[in-house]
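Each chain is listed here by its residues.
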Amino acid sequence: MKIALLGYGKMGKVIERIALERGHEIVLRKSSASSFEGLDNADVAIDFSVPSSAVTNISECLNNGIPVISGTTGWLEDYNKMVTLCEEKNGAFIYGSNFSLGVNLFFELNNYLAKMMSKFNQYKVTMEEIHHTQKLDAPSGTAISLAKGVIENSNYSNWTLDNPNENEIQIDAKRIENVPGTHSIFYTSEVDTIEIKHTAHNRDGFALGSIIAAEWIVGKKGIFTMKDVLELEVG
């Protein structure tokens, strides 16, 4: 499979290494200063760039009939535009706030726990996420996905980085050098705390998941998620 890498920072280089290990070929390594030359030779594109480049990168792929996987976060105000473009071009697109297998399992665990805890109003939900200091958006896309999972399965209506009201989930976003990603959800009452937590040890899990998604999407049409790729269904 021929892969175009849109974004060639630390994450792009990890994706490249694992893609080559799996027998794939890299036909484009695009940085912010380089062009899309070589994109038309790709079977699929993987976008791990920056928020300001994501829409341009995804649009370029969809306009040229290239399936695209995007793990860039911080641009979701334009997500529906990309969905519309994908439908207009009969293309293929996956956005994921996190492509790690472990995190996607964690998403399902979070949904299940939120649904179970929704009956017990004495517990207040808070969240904490920790990432490396180079991460541009806060809270992380993963933290937002986790918060949405709680909101969809409880009486909470929103999340906030500031002082929450009764129906808001407070997210504490921390930036610490060399932390790939840690996410914790706390249910705290006067007598105890229930906590679930995912800790990434390195970037390899994110990279592998994006490549698995790229392998899966070739030959398909539509808008998908990692839940489709991994066939995750919890009863």
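Relevant structure appears above.
This is a predicted model, so every value here is computed, not measured.

How each quantity is defined
- Residues numbered from 1 in each chain as written.
- Predicted model: local features only at pLDDT ≥ 70, side-chain atom pairs only at ≥ 80, totals over all residues.
- Heavy atoms only, no water.
- Pairing = 2+ DSSP bridges.
- Helix = DSSP H or I, 4+ residues; strand = E, 2+ residues; numbered from the N terminus.
- Right-handed = clockwise from strand over helix to strand, strands pointing away.
- Axes fitted to C-alpha atoms, helices over the stretch in contact; angles between N-to-C directions.
- Buried < 20%, exposed > 50% of the residue type's maximum accessible area, 1.4 Å probe, protein only.
- Arc of directions from axis to C-beta.
- Contact = heavy atoms within 4.5 Å.
- Parallel < 35°, antiparallel > 145°, perpendicular 65-115°, else oblique.
- Left-handed = near helix turned anticlockwise from the far one by under 90°.
- Nonpolar A, V, L, I, M, F, W, Y, C, P; charged D, E, K, R; others polar.
- Core = buried A, V, L, I, M, F, W, Y, C linked by side-chain atoms within 4.5 Å.
- Polar contact = N/O pair within 3.5 Å; in protein donor to acceptor, adjacent residues only side chain to side chain.
- Salt bridge = Lys/Arg side-chain N within 4 Å of Asp/Glu carboxyl O.

Asks: A description of the pairing of strand S2 (residues 25-30) should follow, citing residues and the corresponding values.
Replies: Here five bridges tie strand S1 (residues 2-6) to S2, and the two strands are oriented parallel to one another. Bridge pairing in S2 links Leu5 to Arg29. Between the parallel pair S1 and S2, the chain is carried across by helix H1 (residues 10-21), and the sense of this crossover is right-handed.

Asks: Account for the sheet that holds strand S11 (residues 222-224), with residues named and values stated.
Replies: Here six strands make up an open sheet; going across it, the order is S2-S1-S3-S4-S5-S11 and the pairing parallel. Each end of this open sheet is capped by a strand with a single partner; those strands are S2 and S11. On average, adjacent strands in this sheet sit at an angle of 15° to one another, irrespective of strand direction.

Asks: If you had to explain helix H3 (residues 79-88) to someone new, which residues and values would you point to?
Replies: Since the α-helix advances by 3.6 residues per turn, residues separated by three or four positions end up pointing in the same direction. Among the residues of H3, those classed as buried are Met82, Val83, Leu85 and Cys86. Projected down its long axis, H3 carries its buried residues within an arc of 165°, all on one side. Of the residues in H3, the exposed ones pointing more than 90 degrees away from the buried face are Asn80, Lys81, Glu87 and Glu88. Among the structural elements, helix H2 (51-63), strand S5 (92-95) and S11 are those in contact with the buried residues of H3.

Asks: Now, about the packing of H1 against helix H6 (residues 204-217): what can you tell me, with residues and values included?
Replies: Relative orientation of the contacting elements H1 and H6 amounts to 60°, with a least axis distance of 9 Å. Taken together, the axis directions place H1 and H6 in an arrangement best described as oblique. Of the two elements, H1 crosses H6, and the hand of that crossing is right-handed. Side by side, H1 and H6 meet where Met11, Val14, Ile15, Arg17, Ile18 and Ala19 of the first sit next to Asp204, Phe206, Ala207, Leu208, Ser210 and Ile211 of the second. Split into classes, the residues belonging to the contact of H1 with H6 amount to nine nonpolar, one polar and two charged.

Asks: So what about the nonpolar core? Which residues, and what values?
Replies: Counting 25 residues, the largest nonpolar core has Ile15, Ile46, Ile69 and Ile94 as its most contacted members. Residue assignment for this core shows that the elements contributing at least two residues are S1, H1, strand S3 (44-47), S5, H6 and helix H7 (226-230). Among the elements that take part in this core, H6 stands out by supplying six residues, more than any other. Apart from the residues lying within four places of it in its own chain, the contact partners of Ile94 are Val68, Ile69, Ser70, Phe99, Ala213, Trp216, Ile217, Phe224, Thr225, Met226 and Val229. Grouped together as the second largest cluster of nonpolar side chains are 20 residues, Val103, Met117, Ala147 and Ile169 included.

Asks: An account of the side chain of Glu168 is requested, with residue identities and associated values reported.
Replies: Mapped onto the elements, Glu168 comes out in strand S8 (residues 168-175). Among the polar contacts listed, one links the side chain of Glu168 to the backbone nitrogen of Asn165, at a separation of 3.1 Å. Those residues in contact with Glu168 that sit more than four places away from it in its chain are Lys124, Tyr156, Asn158, Thr160 and Asn163.

Asks: I'd love a proper account of the pairing of S8, names of residues and values included.
Replies: Within a regular beta strand, the side chains point alternately toward one face of the sheet and then the other, so they alternate between its two faces. Where strand S6 (residues 124-131) lies against S8, six bridges are found, and the strand directions are parallel. Among the inter-strand pairings, Glu129 is bridged to a residue of S8, identified as Ala173. The pairing of strand S7 (residues 158-160) with S8 spans three bridges and is classified as parallel. What sits directly across from Asn158, in S8, is Glu168.

Asks: Could you give an account of unusual backbone geometry, naming the residues involved and the relevant values?
Replies: We note that Asn90 has phi near 50°; this positive angle belongs to a residue other than glycine. Relative to the elements of secondary structure, Asn90 occurs in the loop between H3 and S5. Backbone geometry places Asn178, a non-glycine residue, at a positive phi of 65°. As for its placement among the helices and strands, Asn178 is situated in the loop between S8 and strand S9 (182-188). Judged by relative accessible area, which is 61%, Asn178 ranks as exposed.

Asks: I'd love a proper account of the pattern of salt bridges, names of residues and values included.
Replies: With the rule as written, the count across this model stands at nine salt bridges. Salt-bridge contacts for Arg17 lead to Glu21; the nearest nitrogen and oxygen are separated by 3.6 Å. With Arg17 and Glu21 both in helix H1, this residue pair falls four residues apart, about one helical turn. According to the relative accessible area criterion, Glu21 is exposed, its value standing at 58%. Across the salt bridge formed by Arg17 and Asp204, the nearest N and O atoms sit 2.9 Å from each other. Placement of Arg17 in helix H1 and of Asp204 in helix H6 is noted, with a sequence separation of 187 residues between them.

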